[in-house]
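# Overview (structure and organization)
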Amino acid sequence: MKKKVLGIIVVFVLIQFIRPEKNNSNISKNDISTVYQIPSEVKDILKTSCADCHSNSTEYPWYSEIAPISWFIAQHVNEGKEHLNFSEWTTYNDRQKNHIIEEMEEVLEEHEMPLNSYLLIHKNAKLSDNQYTVLVNWVKTLK
């Protein structure tokens, strides 16, 4: 039993050296704000509820330094950026932009974002009905 516990501790310590890349960069020249006027209320909502997974500016909590949690967070952020990355908006072609805009509208109208798994820890990211309406109305202006 002691050998198993010691083995688990050794493995836990060793996995701490396997570090995923952080998702932090300065505002990109490709940011959506370089193309569209974004009202301050929308900017605030995007920063609080969307940017961690859908931009190049993730704000990492302290526990993101601990493996395997760090791996889960990195995978979650990378997956979010695959669907939409506000920091890389101008790199999308027109077809991609139109698809993303349609998806954003649908996801927001259905209140599918932010994900419940994200909201478990980020309580301040929960959107009110009014905030959903603000975002949906803004997304409609992007068409």
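Keep in mind the model is a prediction, meaning the values are calculated, not measured.

### Observations concerning the overall build of the protein chain
Along its length, the protein chain carries 7 helices and 0 strands. Going from the N terminus to the C terminus, the protein chain shows its helices and strands as α-α-α-α-α-α-α. Principal-axis analysis of the C-alpha atoms gives the protein chain an extent of 60 × 30 × 25 Å. Burial status across the protein chain gives 38% buried among its 143 residues. When contacts within the protein chain are restricted to residue pairs at least 6 apart in sequence, long-range pairs at least 24 apart make up 75% of them. Only carbon and sulfur atoms are counted for the fraction: they give 58% of the accessible area of the protein chain, which is about 9,600 Å². Distance between charge centres in the protein chain, computed from 15 positive and 19 negative side chains, equals 11 Å.

### Looking at the packing of helix α5 (residues 94-109) against helix α7 (residues 129-141)
It is the contact of α5 with α7, at a shortest axis distance of 9 Å, that shows an interaxial angle of 160°. Put simply, α5 runs roughly antiparallel to α7. Taken as a pair, α5 and α7 cross one another with a handedness that is left-handed. Contacts between α5 and α7 pair I101, M104, E105, L108 and E109 from the former with Y132, L135, V136, V139 and K140 from the latter. Split by residue class, the contact of α5 with α7 holds 7 nonpolar, no polar and 3 charged.

Cut-offs applied
Residues numbered from 1 in each chain as written. Predicted model: local features only at pLDDT ≥ 70, side-chain atom pairs only at ≥ 80, totals over all residues. Heavy atoms only, no water. Helix = DSSP H or I, 4+ residues; strand = E, 2+ residues; numbered from the N terminus. Buried < 20%, exposed > 50% of the residue type's maximum accessible area, 1.4 Å probe, protein only. Contact = heavy atoms within 4.5 Å. Areas by Shrake-Rupley, 256 points an atom, 1.4 Å probe, with all protein chains shown as cover. Lys, Arg positive; Asp, Glu negative; His and termini not counted. Charge placed at Lys NZ, Arg CZ, Asp CG, Glu CD. Axes fitted to C-alpha atoms, helices over the stretch in contact; angles between N-to-C directions. Parallel < 35°, antiparallel > 145°, perpendicular 65-115°, else oblique. Left-handed = near helix turned anticlockwise from the far one by under 90°. Nonpolar A, V, L, I, M, F, W, Y, C, P; charged D, E, K, R; others polar.

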